[in-house]
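# Structural overview
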Amino acid sequence: MPRSLLRPLAVVLLGAAALAAQAQTTLRVGLAEDPDALDPSLARTFVGRVVFAALCDKLFDIDEKLAIVPQLATGYEWSADGKALTLKLRQGVTFHDGEKFDAAAVKYNIERHKTMPGSNRRGELAPVSTVDVVDPSTVRLNLSAPFSPLLAQLTDRAGMMVSPKAAQAAGDKFAAHPVCSGPYKFVERVPQDRMVLERYANYWNKASVAFDRITYVPIPDATVRLANLRSGQLDFIERVAPSDMEKIVKEKKLKTASITEIGYQGITINVGKSDKAKNNPLGRDRRVREAFELALDRQGLVQVVMDNEAIVGNQWVPPTNTFYAKNMPIPKRDIARAKALLKEAGVPNPSFTLVTPTTSDAQRIALVVQAMTREAGFDVKIQAAEFATSLNMADKGDFEAYVLAWSGRPDPDGNLYSFHACNQPLNYAGYCDAETDKLIKASREVRDVNERRKLFEQVAARVLKERPIVYLYHRKWLWAYNPKLTGVRNIPDGLLRVQGLKMGNGA
């Protein structure tokens, strides 16, 4: 893949014959960021999940309606007490190194997710206490307590299976050459430049795979991504700039898709992660955080940042979700009240630094937030950092506030637990409250929808009062792609499934 892709606004046209030959064998995907570690246990980024969709099959997947569907597991059964989940596994599956996928491999992977140093799956699988190999094609997950989100967790990275042999041999270097069981196997990665995968000849569902290779190219600038798609250098781009979407639709030269996400866009505030929480008024005093939220005009943000390609929200699920807590509606902008709260807190002009990834939409959010909150007396300084760097800063608590999107999970627990339960890996805010923990734990054990809804309302009443995260809105996934590309599925998690993709000219 030519380096020219990474130069601002550079578009280098391949010769027609070369382009046609490449298009038949290689699918070229433009990503908005460079993924972090390509290890399902360690990974945190959305774009990493886009790559994993081709590289690592999961026990289950989700469909367009968020229904859980089989992948490496073909069926399941809960025990009467809800404390054991038995899975039937697909037979005849192998990993990219030729090793067999079976119940022993599932046991290894679940235990690796739970115990590997730095694992971000630990919280997602916390209630799984032991794993039993019943027979080569049957595995049982034993739980310390009923855990209603477990199946949903297994539709994402917690359900991804890596080769036990390769993982044991590579240790903490596994991400440099991941070995999974998906339709494509790893070839190479050049940081900030490209990731190359090639078709796995022994994939269990190989009839669904048309391209010989997939190249993923990180291009943070949405304008450059689109320019490369228009020129034929790319076949598919994720996260089209909202300001470009209407124009692309009108031109009718490219195909587009728009899918409302199951995640959120928000600002995470360091309220207890490090000394940076104590040393700035935003982290130290919840009245300042309330004033900050009241200084924001969410609809204005959606209009300016997203060209109205999003819906406003103030929680970890959108207002359209059955688990949205109606007892905590979206607050209206109130500059007078914000100023009064700052005066009450003794800091009429609080100053803090807002860290933002270098992606276009995140930087626009930071600038609009800076302008809006200035009216209430806030002095917001902006610090831009490459995405993986910004996540490392969040991990260490080396920030005061941080513009961070979460791509979402089908069960609301996947948007809540790891961020607001004490000492969880994605709890960058450092929020910890014993009563909130109790309520979240209860919401994980109950299967009845009405009971869970009531518990989420109680969680919302506590968390939204403290504001470790100020939720802003729920984006639409905006895609554009070569009109010859068929088989694109619009699934709300925003991931491109490669099974079924074909190029109309014969790929």
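Before any of the text, the structure's been laid out above.
Residues numbered from 1 in each chain as written. Predicted model: local features only at pLDDT ≥ 70, side-chain atom pairs only at ≥ 80, totals over all residues. Heavy atoms only, no water.

Moving on, we come to the sheet that holds strand β7 (residues 138-143). In space, the four strands of this open sheet follow the order β4-β5-β7-β6, with antiparallel pairing throughout. Edge positions in the sheet fall to β4 (73-78) and β6 (128-135), since each has one partner strand and no second. Pairwise comparison of adjacent strand axes, ignoring direction, gives a mean angle of 20 degrees for this sheet. With six bridges joining them, β6 and β7 adopt antiparallel strand pairing. Among the inter-strand pairings, T130 is bridged to a residue of β7, identified as N142. Sheet strands touched by helix α3 (residues 103-115): β5 (84-89), β6 and β7. Its angle to β6, the strand with the most contacts, is close to 170 degrees. (Pairing = 2+ DSSP bridges. Helix = DSSP H or I, 4+ residues; strand = E, 2+ residues; numbered from the N terminus. Axes fitted to C-alpha atoms, helices over the stretch in contact; angles between N-to-C directions. Contact = heavy atoms within 4.5 Å.)

Time to look at the pairing of β4. As defined by bridge partners, β4 adjoins β5 across five bridges and the pair is classed as antiparallel. When the sheet's bridge partners are listed, A73 is paired in β5 with L89. Taken together, β4 and the strand that follows it, β5, pair antiparallel across an intervening segment of five residues, in which G82 is found at a positive phi of about 70 degrees.

The next subject is the side chain of D36. You can see D36 is positioned in the loop between β1 (26-31) and α2 (46-55). Within polar-contact distance, the side chain of D36 engages the backbone nitrogen of R44 at 3.0 Å. Beyond its immediate chain neighbours, meaning those up to four positions away, D36 contacts L42, A43, R44, T45 and R189. (Polar contact = N/O pair within 3.5 Å; in protein donor to acceptor, adjacent residues only side chain to side chain.)

Take the packing of aromatic side chains next. Scanning the entire structure with this criterion turns up 15 aromatic pairs. Aromatic side chains F236 and W479 sit 5.2 Å apart centroid to centroid with 65 degrees between the ring planes, which places their arrangement in the edge-to-face category. Taken together, the positions of F236 in strand β11 (residues 236-237) and W479 in strand β18 (residues 469-481) put the pair 243 residues apart, joining distant regions of the chain. There is no split in this pair, since F236 and W479 are both buried. Between R90 and the ring centre of W204, over which it is positioned, the NZ or CZ distance is 3.9 Å. In this structure, R447 is placed above the aromatic ring of W78, and the distance from its NZ or CZ to the ring centre is 4.6 Å. (Phe/Tyr/Trp six-rings, centres within 6.5 Å; stacked < 30°, edge-to-face > 60°. Buried < 20%, exposed > 50% of the residue type's maximum accessible area, 1.4 Å probe, protein only. Lys NZ or Arg CZ within 6 Å of the ring centre and 35° of its normal.)

Direction of pairing for strand β8 (residues 184-190) relative to strand β9 (residues 194-199): antiparallel, over a ladder of six bridges. Within β9, the residue paired with E188 across the bridge is V196. Taken together, β8 and the strand that follows it, β9, pair antiparallel across an intervening segment of three residues, in which Q192 is found at a positive phi of about 65 degrees. Where β9 and strand β10 (residues 213-218) come together, four bridges link them in antiparallel fashion. Residue M195 lies in a different strand from β10, and its bridge partner there is Y216.

What tends to happen in soluble globular proteins is that the nonpolar side chains get buried as a cluster. If you look at the biggest cluster of nonpolar residues, it comprises 44 residues, and the most contacted ones within it are Y216 and L485. For this core, the secondary structure elements donating two or more residues are β1, α2, α5 (164-170), β8, β9, β10, β12 (255-260) and β18. It is α2 that provides the largest number of residues to this core, a total of seven residues. Setting aside anything within four residues of it in sequence, one finds Y216 in contact with V29, L31, V50, V51, A54, D193, R194, M195, L197 and V498. Core analysis: the next-biggest nonpolar cluster, separate from the first, contains 37 residues, A366, V369, M372 and V403 among them. (Core = buried A, V, L, I, M, F, W, Y, C linked by side-chain atoms within 4.5 Å.)

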